[in-house]
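Single-letter residue listing:
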Amino acid sequence: MTGNYTGGSYDDRYEAWPHERSGADDATQPYPPTAPEADHFAPFGTTHHTPPHAHFASEPDPFASATTERAPQTYPSYEQEPGFPSVEPDPFTQPYGQPYAQPGGQTWTAPQQPAYEAAHPSASATLTAPGTVPRVEPEPAPAAEAAEAAEAAEAAPKRPGRDRYFDLLRALALFRVVLYHLTGWMWLPLVFPSMGVMFALAGNLMARSLKRPPGQVIKSRVRRLLPPLWAAGAVGVTGMLVQGWGPAEGEDTLTWWLELLFWVLPLSDPPNAAELAGVPGILPGTWAEPFAGPLWYIRAYLWFVLLSPLFLAALRKQPWVTIAAPLVLMAALNFGYLQAAEEIAPILYGIGEFGACWILGMAHQEGVLKRLPNYVIPSIAPFIMGFGIWWAVDHGLSAENQLGNMPFASAFWGFGFVLLLLHFSPSWSEWPRLLERFDGAITLLNSRAVTIYLWHNVCIAIAVTMWNRLWSLEVMWRDLPWLMNSPWPTLIFSWSLIAYCILMFGWLEDVAAKRRPRLWPSGATTRNNATTRNKKGLVA
């Protein structure tokens with residue numbers, strides 16, 4: 001049920017790293033607080049950490065239409081060349097250059113078109129003596145050239161289009177993150193580990209892009225990532241400063257200002273003013289924490305992008321060693337064999353927990369998984385997932401101590417889950433009939449993934465705070481407590497605010513990708529144009 005909102009959480013994120021924790025309270029953030037009555041299924045009655053949606057830079061999906069040179073032919077039909085009327089064939093008409101037998105044994109050939117006659121003098125019209133047939137030399141060259149051109153067009157590699165199966169996974173992962181941040185239901189990361197899925201999809205796209213020079217690819221990825229982040233920082237950091245955020249007593253002023261540069265290039269987690277008060281009736285107290293909390297993913301994504309050329313080179317030489325390396329790193333950190341400084345620990349934990357999923361996505365793009373017999377992955381993946389869930393249960397998995405607080409267990413659970421998803425990947429170039437109706441929503445979520453990810457936490461905070469004001473109305477708490485305790489009204493309200501952020505800031509994703517800015521890129525315009533062209537073609 002809904003309570004008085006006081007803070008935010010990190011989906012699958014841990015405030016203190018395992019080697020620094022002194023108690024369960026250090027590893028959780030209240031988001032949001034418990035409602036008037038205790039209920040572990042209440043939308044705000046648990047503490048949790050799940051990082052929100054991963055950035056996925058959308059790849060363009062143009063399809064190059066192969067064209068071939070055609071041999072000389074008869075007048076084209078309407079289906080072959082648009083703009084020509086459809087003509088019924090005349091059974092008494094022969095193509096140019098073909099001999100006709102005339103009564104009395106005399107044969108003649110039809111007059112030649114000037115261009116064709118110039119190119120094929122041997123096929124000129126002649127009259128011959130009765131009983132003879134004029135010799136017309138065959139001209140196989142044009143047909144042979146057309147056949148060779150057709151074969152070359154088929155053999156030429158086509159530019160890759162969008163994989164709609166991956167688009168569906170990305171949209172589901174993003175929706176799951178928003179739902180989990182709102183409700184805190186502990187079973188959601190188990191049913192669908194969004195972060196492992198998102199990192200795998202990003203790694204797959206990165207491997208496909210690295211067919212170009214690595215420096216160019218990294219520059220493109222960073223360029224797509226930073227402008228939306230700068231817009232969020234301009235609003236969020238300005239609000240914190242206006243409320244009085246500044247260096248703490250005894251803190252070095254220069255160091256404090258230098259740390260703000262992580263809002264410009266997030267090689268480490270950008271700082272925030274967690275102690276600030278909220279805006280009464282609109283924003284909860286400590287609103288800056290849920291606003292800046294999800295930015296850990298921007299930091300992790302940026303490091304994966306920078307390391308991807310090395311990952312790909314190692315993957316091509318030693319694929320299975322490279323895939324397993326992040327899990328080994330996670331084990332070394334978890335069992336204390338590797339100690340890291342406070343500034344470096346978050347980066348290493350991010351690589352350990354999600355690096356295997358990123359590299360697994362690259363391996364899928366490189367065809368590494370296809371080299372295995374079909375039975376291997378379905379046989380071993382459940383054991384990997386089983387080990388992860390066993391570790392989580394053995395270490396106190398509960399509504400208060402969720403999977404996101406256990407990076408070691410999360411790494412194995414997410415890895416096994418992603419392994420199965422990639423193995424059964426159907427690679428849709430078009431939607432199945434049952435999913436066609438959701439094309440607009442899925443396209444929008446994929447086109448505005450970064451914007452939704454950056455703003456969804458603060459949208460949830462505003463929605464919860466404003467919804468909780470209704471508890472002051474007697475009719476709500478006396479006659480409609482079931483409605484007040486339901487997560488669905490606040491979920492609808494949250495998505496309404498997210499839609500507003502898409503309109504306000506989403507176009508920056510197009511600018512960052514050097515595309516024409518769009519306010520609501522659901523793909524409806526493209527589909528309508530295609531439908532119009534098809535109708536015009538049928539009418540014509």
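Every chain is numbered on its own, with residues counted from 1 as its sequence reads. Given that the model is predicted, a residue must reach a pLDDT of at least 70 before its local features are reported, and side-chain atom pairs must reach 80 or more before they are shown or counted; all residues, however, enter totals for whole chains, interfaces and linings. Computation of side-chain values covers all heavy atoms of the structure but excludes hydrogens and water.

Participant: Outline the overall build of the chain, listing residues and values.
Facilitator: Labels follow the DSSP assignment, with helices taken as runs of H or I lasting at least four residues and strands as runs of E lasting at least two, numbered in each case from the N terminus. Within the chain, the secondary structure is distributed over 20 helices and two strands. Of all 540 residues assigned to the chain, the portion counted as buried reaches 48%. Accessible surface, the chain: about 27100 Å² in total, of which carbon and sulfur atoms supply 63%. Working definition: with a 1.4 Å probe on protein chains only, accessible area under 20% of the residue-type maximum means buried, over 50% means exposed, and in between means partly exposed. Note that accessible areas follow from Shrake-Rupley with a 1.4 Å probe, and for residues the cover is restricted to the protein chains shown.

Participant: Now, about the side chain of E509: what can you tell me, with residues and values included?
Facilitator: Tracing the sequence through the fold places E509 in helix α19 (residues 507-512). Buried and unpaired, E509 has no salt bridge, with R448 as the nearest side chain of opposite charge at 4.8 Å. Polar contacts here mean pairs of N or O atoms no more than 3.5 Å apart (in protein, one a potential hydrogen donor and the other a potential acceptor; neighbouring residues in sequence count only if both atoms are side-chain atoms). One polar contact links E509 to T451, side chain to side chain, over a distance of 2.7 Å. In this structure E509 touches P228, S447, R448, A449, V450, T451 and R515, once residues within four positions along its chain are discounted. In this tally, Asp and Glu contribute negative charge and Lys and Arg positive charge; neither His nor the terminal groups of the chain are included. Take a side-chain nitrogen of Lys or Arg and a carboxyl oxygen of Asp or Glu: if they are within 4 Å of each other, that pair is a salt bridge. The contact criterion used throughout is that any non-hydrogen atoms of two residues lie within 4.5 Å.

Participant: Give a description of the packing of aromatic side chains that names residues and reports values.
Facilitator: How two aromatic rings sit relative to each other is given by the distance of their centres and the angle of their planes. Aromatic rings from Phe, Tyr and Trp, with only the six-membered ring used for Trp, were paired whenever their centres fell within 6.5 Å, and each pair was classed as stacked if the ring planes differed by under 30 degrees, edge-to-face if by over 60, and tilted otherwise. Applying the stated criterion to the full structure yields 33 aromatic pairs. Between F387 and F408 the ring centres are 5.9 Å apart and the planes differ by 80°, which places this aromatic pair in the edge-to-face class. You can see F387 sitting in helix α12 (residues 376-394) and its partner F408 sitting in helix α13 (residues 407-423), a full 21 residues away along the chain. With a centroid separation of 5.0 Å and 75° between ring planes, the pair formed by F387 and F412 is classed as edge-to-face. Within this pair, whereas F387 is found in helix α12, its partner F412 is found in helix α13, the two being separated by 25 residues in sequence. On the basis of relative accessible area, F387 is assigned to the partly exposed category, the value being 31%. For F412, a relative accessible area of 16% corresponds to the buried category.

Participant: Describe the pattern of salt bridges, and please don't skip the residues or the numbers.
Facilitator: Enumeration over the complete set of coordinates arrives at eleven salt bridges. Note that R299 and D269 form a salt bridge whose closest N and O atoms lie 2.9 Å from each other. Pair noted here: R299 is in helix α9 (residues 296-317) and D269 is in the loop between α7 (253-259) and α8 (288-292), with a separation of 30 residues, a long-range link. Accessibility expressed as a relative area gives 2% for R299, which makes it buried. For D269, a relative accessible area of 21% puts it in the partly exposed group. One network of salt bridges, with partners in common, ties together R162, R164, D167, R170 and D439.

Participant: Report on a nonpolar patch on the surface, specifying residues and quantitative values.
Facilitator: In this analysis, a patch consists of residues with relative accessible area above 30% that form no salt bridge, clustered at 9 Å for like charges and at 5 Å for the nonpolar side chains Val, Leu, Ile, Met, Phe, Trp and Tyr. A surface patch of nonpolar side chains, amounting to about 570 Å² of accessible area, comprises W230, L254, L258, L261, V264 and L265. Along the chain, L261 turns up in the loop between α7 and α8.

Participant: Describe the confidence of the model for the chain, and please don't skip the residues or the numbers.
Facilitator: Confidence in the prediction for the chain averages 77 pLDDT; 67% of positions are at 70 or higher. Per residue, pLDDT measures the predictor's confidence, with a range of 0 to 100. Here residues 153-159 scores under 50 on pLDDT; set against residues more than four positions off or in separate chains, the count is three contacts. Low pLDDT, under 50, characterises residues 534-540; the stretch is placed with two contacts to residues that sit more than four places away or in other chains.

Participant: Go over helix α3 (residues 164-183) with me, naming the residues and quoting the values.
Facilitator: For a helix, the expected span equals 1.5 Å multiplied by the number of residues minus one. In a regular helix each residue adds 1.5 Å, so 20 residues correspond to 28 Å; α3 covers 28 Å between its end C-alpha atoms and thus fits that length. Along α3, 18 of the 20 residues are buried, which leaves the element largely enclosed by surrounding structure. Structurally, the start of α3 carries an N-cap: the backbone nitrogen of Y165 is 3.0 Å from a side-chain oxygen of D163. Of the residues trailing α3, G184 is marked for its positive phi of about 75°.

Participant: Any details on the state of the cysteines? Residues and values, ideally.
Facilitator: Cysteine sulfur atoms that pair up within 2.5 Å are treated as a disulfide. Under the definition given, this model contains zero disulfides. Just so you know, C501 is unpaired, no disulfide at all, and the nearest cysteine sulfur is the one on C459, 3.6 Å from it. Note on C501: relative accessible area 8%, which makes it buried.

Participant: So what about the environment of D252? Which residues, and what values?
Facilitator: Mapped onto the fold, D252 is located in the loop between α6 (214-242) and α7. By relative accessible area, D252 is classed as partly exposed at 44%. For D252, the side chain forms a polar contact with the main-chain nitrogen of L254, separated by 3.4 Å. Among the polar contacts listed, one links the side chain of D252 to the side chain of T255, at a separation of 2.8 Å.

Participant: With reference to specific residues and values, describe helix α5 (residues 194-209).
Facilitator: Helix length check: α5 (16 residues) gives 23 Å between terminal C-alpha atoms against 22 Å at 1.5 Å per residue, within 8%. α5 sits mainly inside the fold: 16 of its 16 residues count as buried.

Participant: Which residues make up a negative patch on the surface, and what values go with them?
Facilitator: Positions of charges follow a simple convention, taking NZ of Lys, CZ of Arg, CG of Asp or CD of Glu. The grouping of E251, D252, E259, E342 and E343 at the surface amounts to a negative patch. In this structure, E259 sits in helix α7.

Participant: Quick rundown of the side chain of H456? Include the residues and the values.
Facilitator: Within the secondary structure, H456 sits in helix α15 (residues 449-468). In this structure the side chain of H456 is engaged in a polar contact, spanning 3.0 Å, whose partner is the backbone oxygen of Y453.

Participant: Could you give an account of the packing of α15 against helix α18 (residues 488-505), with specific residues and numbers?
Facilitator: Between α15 and α18, the least distance of the axes is 8 Å, while the angle of their chain directions is 135°. What the angle tells us is that α15 and α18 run oblique. By crossing handedness, the relation of α15 to α18 is classed as right-handed. Contacts between α15 and α18 involve T451, I452, W455, H456, C459, I460, I462, A463, M466 and W467 from the first element and P489, T490, F493, S494, W495, L497, I498, C501, I502 and F505 from the second. Only the stretch in contact is used when fitting a helix axis, every axis being a line fitted to C-alpha atoms; angles between N-to-C directions are given from 0 to 180 degrees. For classification purposes, an angle smaller than 35 degrees is called roughly parallel, one larger than 145 roughly antiparallel, one from 65 to 115 roughly perpendicular, and anything else oblique. Rotating anticlockwise by less than a right angle from the far helix to the near helix defines a left-handed crossing, while the corresponding clockwise rotation defines a right-handed one.

Participant: Any details on unusual backbone geometry? Residues and values, ideally.
Facilitator: Within the chain, T286 stands out as a residue other than glycine whose phi angle is a positive 55°. Tracing the sequence through the fold places T286 in the loop between α7 and α8. Residue classification places T286 among the partly exposed positions, given a relative accessible area of 21%. Residue K514 is not a glycine yet carries a positive backbone phi of 60°. Mapped onto the fold, K514 is located in the loop between α19 and α20 (524-539).

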